[in-house]
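Residue-level structural notes
Here are the chains, one letter per residue:
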Amino acid sequence: MTTKTYEKYYVPAQSPWPIVGAVALFFIAFGAAHYVIDISKQQSGFGGYLLLLGFAILVFMLVGWFRNVIDESMSGLYSAQMDRSFRQGMSWFIVSEVMFFMAFFGALFYGRIIAMQWLGGSSNNAMTFELLWPNFEPVWPLIKTPGGIETQAMPWTGLPLINTIILVISSVTLHFAHTGLEQQKRGQLKLMLLLTLLLGATFISLQVYEYIHAYRDLGLRLDSGFYGNTFFLLTGFHGLHVTLGAIILLFVFFRVLKGHFTPEKHFAFQAAAWYWHFVDVVWICLFVIVYML
Amino acid sequence: MSVTTTEPHDHDKQHDHEQEHHDHKPSGIKRWLYTTNHKDIGTLYLVFALIMFFIGGSMAMVIRLELFQPGMQFVEPHFFNQMTTVHGLIMVFGAVMPAFTGLANWMIPMMIGAPDMALPRMNNWSFWILPFAFLILLLSLFMPGGGPSFGWTFYAPLSTTYSNDSTALFVFSVHIMGISSIMGAINVIVTIWNMRAPGMNWMKMPLFVWTWFITAFLLIMVMPVLAGLVTMVLTDKYFGTSFFDAAGGGDPVLFQHIFWFFGHPEVYIMILPAFGIVSAIIPTFARKRLFGYASMVYATASIAILSFLVWAHHMFTTGMPVFATLFFMYATMLIAVPTGVKVFNWVATMWRGAMTFEVPMMFALAFIVLFTIGGFSGLMLAITPADFQYHDTYFVVAHFHYVLVTGSVFSIIAAVYYWLPKWTGNMYDEALGQWHFWCSLISVNLLFFPMHFVGLAGMPRRIPDYALQFADFNAFISIGGLLFGLSQLIFVWGLIKCARGGVKATAQVWEGAEGLEWEVPSPAPYHTFDTPPVIK
């Protein structure tokens, strides 16, 4: 028998926030569906308004829920065991995010290695090629689809390379912010966190610029065939994740300014940092697979 | 048949009293809306699953009504397709999965000696978004042009080029279901990993906990892939992408690859917890310890790993290269090995046991026999050249209804009867339960067994009409379906009766039951194990 005393596992009494969040998700999903239908038919409808309402409720819920959690954390209700629960929960959430990206990477792999070659007549598909698209050339990047849509490929040099360097540096600065927190160097923590945020914002701005460049100059669009599809969905979902990660880091930064987090207990900081490193790793995979290869 | 109904020991009463003073239940609707209690949330999941089971079941009744006779009698083909689609979606995502999650919520903290689930507020959120997801799905049936009609597998291009606008609602509804499942799975994993009472080693955990632990990993791995897939369907339909359109460089077969990469582990998500339930019930009523505990754990893990390597056995007729079909055929047949280990272990547990045959045991026994039939028809389907004949026939429908209805659903019913006295504090009506069992057993076989024959004879699935030679069998099937549906009303009657009162249950409830959940009083106090018990 261990003599370690047992710390009570904090089970919150009742909480109104989850049901508020459920209503928010309902409006977001129902609204988004109708919004998508509306824009595809170029009609005006209520979808957009419901979507906005849903997001407003979601923000309300997040503020309330997180305020609750931060209050509980600051008043010392959370045991070490609780902290482990949070850490494990966040880790498995990131695993699920990895699998979300895997779906799109898998699609890219299949489209490039298998579907494109088959359209070009390899394996047992000679007749597909001969009868349907005899002029199709199976080369990647797929700048001319079997159906005849033409586009230009996004080079990996230039902006994407700069963006890669920016994001990698931001991961390093965030790491130094973490060591600053652990070694009680609050100045280093604040400076490095701020630097990370600025680098993140730069990355997002450059991505926006790259999208404009792709649409205007290269004719590379979401609907320009399999290359454009995978390019925009992979970089787009990555961009969304960077934006989300930056918002999380921003709130962590505010909490740092208020003097939150100790070298021993800083789950929120840790979770935000893990998330940021995760989007960084996704970007490196993206840069190699989508841009370079 | 004997039901243990001895008077509660004094010790139990005292224990009960101790628990009571911090046993405040909030009252009214807020108790259910705001709850963070794993037992309340478990109840919510189970009640929701039961309601969805009847909604999905009534859609099956529409299908069977139309198929009672050849020719077109009652519904339009388009409406028939909506019924098959939404019936499948509701039964998979709305009935079977939430029922298992409800059981996990109720039982896992009690089985491992935890005060609650690890993340109680998120637990509430993962439940309450589910009714909204299904509200959206059901509302989509009333869209102009009707609801989703592409089958629950929503193959492209049926769900892209040829679908109506309800697709957008379908996509976002599936997104919410996925979020719910992922949050639920994270909660299960963290609870099991981090909340076990001192002394509750990995290899002491009840098998229900083990199987759910592994199931939760499957959920975390594949639900995001489903989310990615429905996103691609959305962009293909509304934003001009061509993931599943060969003219744009995509491939409709790509859809099937991604879908079944999700779909096959999903099948095991719906059966692994059932294995855990049966592994709990058989030892109790055989009054012997489970035979081969460790091999059960390893077999479950092997099935989970193999489930990622077999997805294309759903796609033998798509014209994959021969080496791919061979690989998937052999990998699929390999799953029969760990599954066989399980079936043998259950049988070996009963060997020379002092068996009694209460309702949970009856359903568990029926599970072993009927699930094995479903497993064997699965082996037949795994053989590539034979599958060319079976593909898209009623043989496939028979196969997956044997594993899902007489497999998953029977195990859920068994679990409900088994733990109901623990939940309500009252014994269920044994006679009513036996009626429920025998009516279900007979009608379910009348319902699904002839499907093998019409399937082998070539009757295609998902078609509202059929050739004359299938008429007699289809009439039997429809009658079986109606009887099976009516039999479930006995279940509901028994549930209500038990919730309202009955013979008081002891803490142990069943003579041969072992485990932490049987050491707390019945009904289980609102909060169990505020301080963890020590397991020796």
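Note that the structure is a prediction, hence the values are computed from the model and not measured.

With that settled, consider the overall build of chain B. Per the secondary structure count, chain B includes 17 helices and zero strands. The C-alpha atoms of chain B give 23 Å as radius of gyration, which agrees with the globular expectation for 536 residues (24 Å, within 12%). Within chain B, counting contacts between residues at least 6 apart in sequence, those at least 24 apart form 84% of the total.

Another point: the overall build of chain A. Of the regular secondary structure elements, chain A holds eight helices and zero strands. Tracing chain A from N to C terminus, the helices and strands come up as α-α-α-α-α-α-α-α. Looking at chain A as a whole, 38% of its 293 residues qualify as buried. Within chain A, residue pairs in contact and separated by at least 24 positions form 68% of the contacts whose partners lie at least 6 positions apart.

Turning to the interface of chain A and chain B, a few remarks are in order. Accessible area lost upon the coming together of the parts is a frequently used measure of interface size. At the interface, 58 residues of chain A touch 61 residues of chain B. Looking at the side of chain A that touches chain B, the element that brings in the most residues is helix α3 (residues 80-119) of chain A, giving 22 residues. Taken together, the residues that form the side of chain A that touches chain B break down as 38 nonpolar, 17 polar and three charged.

Turning to the environment of B:Glu511, a few remarks are in order. With respect to the helices and strands, B:Glu511 occurs in the segment after α17 (471-500). Of the residues examined, B:Glu511 has 15 C-beta atoms within 10 Å and is grouped as partly exposed.

Between α3(A) and helix α6 (residues 166-194) of chain B, the shortest axis-to-axis distance is 9 Å and the interhelical angle comes to 140 degrees. With respect to each other, α3(A) and α6(B) are oriented oblique. As for the relative orientation of α3(A) and α6(B), their crossing is right-handed in sense. Contacts between α3(A) and α6(B) involve A:Gln81, A:Arg84, A:Ser85, A:Gln88, A:Gly89, A:Trp92, A:Phe93 and A:Ser96 from the former and B:Ile182, B:Ile186, B:Ile189, B:Val190, B:Trp193 and B:Asn194 from the latter. Across the contact of α3(A) with α6(B), the residue classes break down as seven nonpolar, six polar and one charged.

Once that is clear, we can look at the packing of helix α10 (residues 293-306) of chain B against helix α12 (residues 336-350) of chain B. Residue and element names in this part refer to chain B. Packing of α10 against α12 brings their axes to within 8 Å, and their N-to-C directions diverge by 150 degrees. Classed by the angle they form, the pair α10 and α12 counts as roughly antiparallel. The handedness of the crossing between α10 and α12 is left-handed. Mapping the contact onto sequence places Ser295, Met296, Ala299, Ser302 and Ile303 in α10 and Pro338, Thr339, Val341, Lys342 and Asn345 in α12. Looking at the contact of α10 with α12, its residues break down into five nonpolar, four polar and one charged.

Relative to the assigned elements, B:Phe239 resides in the loop between α7 (207-238) and α8 (252-269). Judged by local crowding, B:Phe239 falls into the partly exposed class, with 16 C-beta atoms found within 10 Å. Discounting chain neighbours no more than four positions away, the residues touching B:Phe239 are A:Leu222 and A:Asp223.

Moving on, we come to the nonpolar core. With 262 residues, the main nonpolar core has B:Phe363 and B:Ala414 as its most contacted residues. Residue contributions to this core peak at 22 residues, all from α7(B). Taken domain by domain, this core gets at least three of its residues from each of domain 1 (14-77) and domain 2 (81-292) of chain A. What B:Phe363 contacts, discounting residues up to four positions off in sequence, is B:Phe410, B:Ile413, B:Ala414, B:Tyr417 and B:Phe437.

Residues and elements named next belong to chain B. Chain-level pLDDT for chain B is 94 on average; 96% of the residues reach the 70-or-more range. Here helix α1 (residues 10-20) stands out as the element of chain B with the lowest mean pLDDT, 42, in contrast to helix α9 (residues 272-286), whose mean of 98 is the highest. Residue range residues 1-21 is modelled with pLDDT below 50. Its contacts to residues more than four positions away, or to other chains, number 23 contacts. Among the prediction metrics, the complex's ipTM stands at 0.95, with pTM recorded as 0.94.

Here we come to helix α5 (residues 120-139) of chain B. Between its first and last C-alpha atoms α5(B) spans 30 Å; for 20 residues at 1.5 Å apiece the expected length is 28 Å, and the two agree. In terms of burial, α5(B) is a largely internal element, 16 of the 20 residues being buried.

With that settled, the discussion passes to α7(B). Residues and elements named next belong to chain B. Under the 1.5 Å per step criterion, the end-to-end length of α7 is 45 Å for 32 residues, consistent within 8% with the ideal 46 Å. Maximal helix bending in α7 amounts to about 25 degrees, located at Ile220; proline Pro224 follows within four positions. Judged by how many residues are buried, α7 sits mostly within the fold: 30 of 32 residues are covered. Where α7 terminates, the next one or two residues include Gly240, which has phi positive at roughly 70 degrees.

Let us now look at the environment of B:Ala499. Tracing the backbone through its elements, the reader meets B:Ala499 in helix α17. For B:Ala499 and B:Leu139, which are 360 residues apart along the polypeptide, the C-alpha to C-alpha distance reads 32 Å.

On average, residues of chain A score 93 in pLDDT, and 98% of them reach the 70 mark or higher. Taking the mean pLDDT of every element in chain A, the minimum, 88, falls on helix α4 (residues 126-131) of chain A and the maximum, 97, on helix α7 (residues 225-257) of chain A.

As a further point, take unusual backbone geometry. That bond from A:Trp140 to A:Pro141 is cis: its omega, 0 degrees, falls within 30 degrees of zero. With respect to the secondary-structure elements, A:Pro141 resides in the loop between α4 and α5 (159-182). Residue B:Pro157 is bonded to the preceding B:Ala156 through a cis peptide linkage, with omega at 5 degrees. Structurally, B:Pro157 is set in the loop between α5 and α6. A positive phi angle is found at A:Phe261, which is not glycine, with a value near 75 degrees. Along the polypeptide, A:Phe261 turns up in the loop between α7 and α8 (267-292). A:Phe261 sits in the buried class, given 20 other C-beta atoms within 10 Å.

What counts, and at which threshold
- Residues numbered from 1 in each chain as written.
- Chains lettered and ligands numbered in written order.
- Predicted model: local features only at pLDDT ≥ 70, side-chain atom pairs only at ≥ 80, totals over all residues.
- Helix = DSSP H or I, 4+ residues; strand = E, 2+ residues; numbered from the N terminus.
- Rg over C-alpha atoms; globule rule 2.2 N^0.38 Å.
- Contact = placed C-beta atoms within 7 Å.
- Buried ≥ 20, exposed ≤ 12 C-beta atoms within 10 Å, placed from the backbone.
- Nonpolar A, V, L, I, M, F, W, Y, C, P; charged D, E, K, R; others polar.
- Axes fitted to C-alpha atoms, helices over the stretch in contact; angles between N-to-C directions.
- Parallel < 35°, antiparallel > 145°, perpendicular 65-115°, else oblique.
- Left-handed = near helix turned anticlockwise from the far one by under 90°.
- Core = buried A, V, L, I, M, F, W, Y, C linked by C-beta atoms within 7 Å.
- Domains from an automatic or database assignment.
- pLDDT = per-residue confidence, 0-100.
- Expected span 1.5 Å × (residues − 1).
- Bend = angle between axes of the 7 residues up to and from the residue.

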